[in-house]
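Structural overview for review
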Amino acid sequence: MFDFSIVTTWIDTFLKTYLPEFWVYAIEFVVVGLLVLTVYAVLALVLIYVERKICAFFQCRLGPNRVGLFGVLQPIADMFKILLKEIIPINHVDKFLFYLAPFLVIVASFLSFGALPFGKGLHIIDFNIGIFYILAVSSLGILGILLAGWSSNNKFSMIGAMRSGAQLISYELSAGLSLLTIVVLSGSLQLSTIVESQADGWFIFKGHIPAAIAFLIYLIAGHAETNRGPFDLPEAESELTAGYHTEYSGIQFGFFYLSEYLNMFIIAGIAATVFLGGWMPLHIPGLDGFNQIMDYIPSIFWFFGKTFFLVFLSLWVRWTFPRLRIDQLLNLEWKYLLPLNMVNLLLMVAIVLLGLHF
Amino acid sequence: MVQNIIFYAIAAVMVICAILSVTSKRILRSATYLLFVLIATGALYLQLGYEFLAGVQISVYAGGILVLYVFSILLTSNAGDKEKPKNWKRILSAAAVATAGFALCGYIIFNNVATFKDKYLTSALTAEEINMNKIGMALMGTDKYQYLLPFEVISILLLACIIGGILIARKR
């Protein structure tokens with residue numbers, strides 16, 4: 001399998017032969033930052049197109065089909081439209097917090113995006129606290145939403161923000177605990193180690209029953225964390241106009257929109273990395289010929305294939321289920337998912353201690 | 001040199017935001033400035049190579065406690081209220097207490113910085129990366145320099161807090 005670190009180390013050594021260390025790092029930081037920004041924006045465009053098309057098919061429509069072949073250029077046209085739109089100043093708002101809030105939301109999603117392993121050797125920051133880091137920085141987004149809701153000076157925004165805060169705080173527990181179940185199995189928090197140790201079978205197969213339960217819980221909790229239907233009460237358009245981002249216009253609204261789509265991708269990416277092996281191809285111990293063939297598919301395709309499969313699941317759920325009420329939402333988390341999760345964690349510990357996993 | 005530049009940038013953010021967080025007239029803005037101070041502290045830990053501590057700082061303080069602060073501000077007070085100007089006696093006494101505290105800490109640090117530097121700082125900076133396994137073993141072990149008992153005592157304290165919270169909040 002092609003290892004991308006060959007390319008990156010070649011660039012690194014090439015720069016180091018001609019430049020002092022300080023400038024090498026400065027150049028590399030800027031280049032990596034720009035690359036991540038570009039990938040972030042392009043992925044958002046792809047996700048918006050995919051969402052609109054799939055939503056259309058679920059509702060027996062055609063979806064965008066005028067701009068470009070099958071409407072593939074539609075999101076690009078939309079991007080230019082949103083970039084050219086006026087940012088409308090709102091009276092009687094706390095200006096500082098109002099303009100700060102979208103940045104907090106998008107920076108939180110950006111920080112967790114940077115920690116995903118996209119392919120073999122394509123990993124930007126590989127902390128030894130990997131999963132913990134992702135959980136930590138993704139929790140910063142709540143503050144942006146709360147501040148946006150309050151500083152908009154609008155009761156719909158405020159209600160949306162409070163709902164969103166309650167929802168995110170509750171479902172973060174389930175998401176964290178279900179990831180911890182897999183950390184117990186792998187014995188490491190580092191994402192690269194987690195991916196490497198799935199070379200002889202993905203964790204969802206290795207950890208069988210508890211891993212499958214944790215996978216389901218993570219998908220539900222992660223879906224709830226992205227504020228998308230059936231958990232979209234924070235921005236329920238029929239009751240709250242648009243929830244916490246009602247008053248935002250132009251690119252400020254674009255930031256919320258972008259981070260919502262990318263959070264969906266990040267949740268799917270983490271689930272793919274932790275449960276489905278990330279960029280690791282499907283290996284079945286014993287079938288060497290089969291494993292060899294699977295290795296010929298580049299790692300980056302494996303990662304994006306799995307992630308987009310999970311994104312499709314999330315869209316499927318979004319466009320089929322009706323919206324929950326706030327009490328149903330909190331009951332689901334605190335009375336069902338959380339106790340189940342804790343029992344599941346104990347079950348996983350028992351299985352690991354007794355050596356019953358593959 | 002690069003390390004110094006990064007350090008001074010982080011320190012400047014921390015100092016400026018700490019001052020703004022105290023002097024700001026609106027309570028929600030104070031909370032936001034406090035968020036920046038906490039994140040910058042996390043960045044300082046990252047610079048020192050304490051990744052776990054940085055993660056804890058961000059998830060517990062910035063992502064956890066500050067969210068609860070903002071929540072309780074939004075639920076209890078009228079968050080947009082501007083604070084009334086304080087009377088000068090209280091400003092003076094607060095300034096005196098702050099100066100005394102600063103002088104005491106400054107005196108201690110200034111007189112002990114050399115011994116501290118020799119004893120801990122050089123060894124800490126050259127030491128290898130502290131990985132999660134080591135931290136986990138230290139928290140859960142019963143040997144010397146391992147902390148199972150304090151860990152359990154703190155968990156009992158937290159349990160008591162949870163039960164107390166439920167008792168206060170329950171419907172009668």
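On to the overall build of chain A, then. On a plain count of helices and strands, chain A comes out with 15 helices and two strands. Expected size for 358 residues packed as a compact globule is a radius of gyration near 21 Å; at 21 Å, chain A falls within 12% of this value. With respect to the three principal axes, the spread of C-alpha positions in chain A is 65 × 60 × 45 Å. Residues classed as buried in chain A amount to 44% of the 358 residues present. Pairs at least 24 apart in sequence give 80% of the contacts found in chain A among residues at least 6 apart.

With that settled, consider the overall build of chain B. Within chain B one finds six helices and zero strands. The helix and strand sequence of chain B, counted from the amino end, reads α-α-α-α-α-α. In chain B, which comprises 172 residues, the share counted as buried stands at 15%. When contacts within chain B are restricted to residue pairs at least 6 apart in sequence, long-range pairs at least 24 apart make up 48% of them.

So, about the interface of chain B and chain A. The interface of chain B with chain A comprises 22 residues on the first partner and 24 residues on the second. For the side of chain B that touches chain A, the element with the most residues is helix H3 (residues 51–76) of chain B, which contributes 12 residues. For the side of chain B that touches chain A, the per-class residue count stands at 13 nonpolar, five polar and four charged.

Let's shift gears to the nonpolar core. By size, the foremost hydrophobic cluster in this structure holds 105 residues, and its most contacted members are Leu143(A), Leu146(A), Leu147(A), Tyr218(A), Ala271(A), Phe275(A) and Leu66(B). Broken down by element, the residue count for this core peaks at 15 residues, all from helix H12 (residues 250–275) of chain A. For Leu147(A), the contacting residues outside a window of four places in its chain are Leu97(A), Leu100(A), Ala101(A), Leu104(A) and Thr32(B).

Parsing chain B into structural domains produces domain 1 (1–84), domain 2 (86–129) and domain 3 (131–172). Between the C-alpha centres of domain 1 of chain B and domain 3 of chain B there is a distance of 25 Å.

Further remarks concern unusual backbone geometry. Residues and elements named next belong to chain A. In this structure, Cys-60 is a non-glycine residue whose phi angle is positive, near 60 degrees. Residue position: Cys-60 is located in the loop between helix H2 (21–58) and helix H3 (74–84). Judged by local crowding, Cys-60 falls into the exposed class, with 6 C-beta atoms found within 10 Å. The backbone of Phe-70 sits at a positive phi, close to 55 degrees, despite the residue not being glycine. Exposure remark for Phe-70: the 14 C-beta atoms within 10 Å place this residue in the partly exposed category.

Now for the environment of Ala41(A). All names here are of chain A. Mapped onto the secondary structure, Ala-41 falls in helix H2. Judged by the 13 C-beta atoms lying within 10 Å of it, Ala-41 falls in the partly exposed class. Once the C-alpha coordinates of Ala-41 and Met-79 are considered, the two residues, 38 residues apart in sequence, prove to be 9.8 Å apart.

Once that is clear, we can look at helix H6 (residues 148–169) of chain B. Relative to the 32 Å expected for 22 residues at 1.5 Å per residue, H6(B) spans 32 Å between its end C-alpha atoms, a close match to the ideal helical length. Along H6(B), only zero of the 22 residues are buried, which leaves the element largely exposed.

A separate point is the packing of helix H5 (residues 130–138) of chain A against H3(B). Between H5(A) and H3(B), the shortest axis-to-axis distance is 8 Å and the interhelical angle comes to 25 degrees. Considered as vectors, H5(A) and H3(B) are oriented roughly parallel to each other. When the axes of H5(A) and H3(B) are compared, the crossing they make is left-handed. Residues Phe132(A), Tyr133(A), Leu135(A), Ala136(A) and Val137(A) of H5(A) lie in contact with H3(B), whose contacting residues are Gly55(B), Ile58(B), Ser59(B) and Gly63(B). When grouped by side-chain class, the residues that make up the contact of H5(A) with H3(B) number six nonpolar, three polar and no charged.

Turning next to the confidence of the model for chain B. It should be kept in mind that the predicted coordinates are not to be read in detail where pLDDT is low. All names here are of chain B. Summary statistics for chain B give a mean pLDDT of 82 and a share of 85% for residues scoring 70 or more. Averaged over each element, pLDDT in chain B is lowest for helix H4 (residues 88–126) (79) and highest for H6 (90). This complex was scored by the predictor with a pTM of 0.86 and an ipTM of 0.82.

All names here are of chain A. Given a rise of 1.5 Å per residue, 22 residues ought to cover 32 Å, and the 32 Å separating the end C-alpha atoms of helix H14 (residues 299–320) matches this to within 8%. Among the residues of H14, Ser-299, Trp-302, Phe-303, Phe-304, Lys-306, Thr-307, Leu-310, Val-311, Ser-314, Leu-315 and Arg-318 are the ones counted as buried. Looking at the packing, one finds that the buried side of H14 touches H2, strand E1 (117–119), helix H10 (208–225) and H12.

Okay, the packing of helix H1 (residues 2–23) of chain B against helix H2 (residues 27–48) of chain B next. The relative placement of two packed helices comes down to the angle between their axes together with the axis-to-axis distance. All names here are of chain B. Relative orientation of the contacting elements H1 and H2 amounts to 155 degrees, with a least axis distance of 8 Å. Our classification of the angle between H1 and H2 gives roughly antiparallel. Judged by the twist between their axes, the crossing of H1 over H2 is left-handed. Residues Ile-6, Phe-7, Ile-10, Val-13, Met-14, Cys-17, Ala-18, Leu-20 and Ser-21 of H1 pack against Ser-30, Tyr-33, Leu-34, Phe-36, Val-37, Ala-40, Thr-41, Ala-43, Leu-44 and Gln-47 of H2. Taken together, the residues of the contact of H1 with H2 break down into 15 nonpolar, four polar and no charged.

Criteria and thresholds
- Within any chain, residue numbers begin from 1 and follow the written order of that chain's sequence.
- Written order decides the labels, with chains lettered from A and ligands numbered from 1.
- Given that the model is predicted, a residue must reach a pLDDT of at least 70 before its local features are reported, and side-chain atom pairs must reach 80 or more before they are shown or counted; all residues, however, enter totals for whole chains, interfaces and linings.
- Numbering of helices and strands starts at the N terminus; helices are DSSP runs of H or I of at least 4 residues and strands are runs of E of at least 2.
- A radius of gyration in this sense is built from C-alpha atoms; the matching globule rule multiplies 2.2 Å by the number of residues raised to 0.38.
- Every C-beta atom is placed from the backbone, and the number of other C-beta atoms within 10 Å of a residue's own sets its class: buried at 20 or more, exposed at 12 or fewer, partly exposed in between.
- Placing C-beta atoms from the backbone, we regard two residues as in contact once those atoms come within 7 Å.
- Following the grouping adopted for this structure description, the nonpolar residues are Ala, Val, Leu, Ile, Met, Phe, Trp, Tyr, Cys and Pro, the charged ones are Asp, Glu, Lys and Arg, and the polar ones are all others, Gly among them.
- For the purposes of this analysis, a nonpolar core is taken to be any set of buried Ala, Val, Leu, Ile, Met, Phe, Trp, Tyr and Cys residues that are connected through C-beta atoms within 7 Å.
- Annotation comment: domain bounds sourced from an automatic or database domain assignment.
- Multiplying one less than the number of residues by 1.5 Å gives the expected span of a helix.
- Axis definition: a line fitted to C-alpha atoms, limited for helices to the stretch in contact. Angles are taken between N-to-C directions and run from 0 to 180 degrees.
- Each angle gets one of four labels, with under 35 degrees taken as roughly parallel, over 145 as roughly antiparallel, 65 to 115 as roughly perpendicular, and the rest as oblique.
- By the definition used in this description, the sense in which the near helix is turned from the far one sets the handedness, with an anticlockwise turn below a right angle giving left-handed and a clockwise turn giving right-handed.
- As a per-residue quantity, pLDDT reports the predictor's confidence and falls between 0 and 100.

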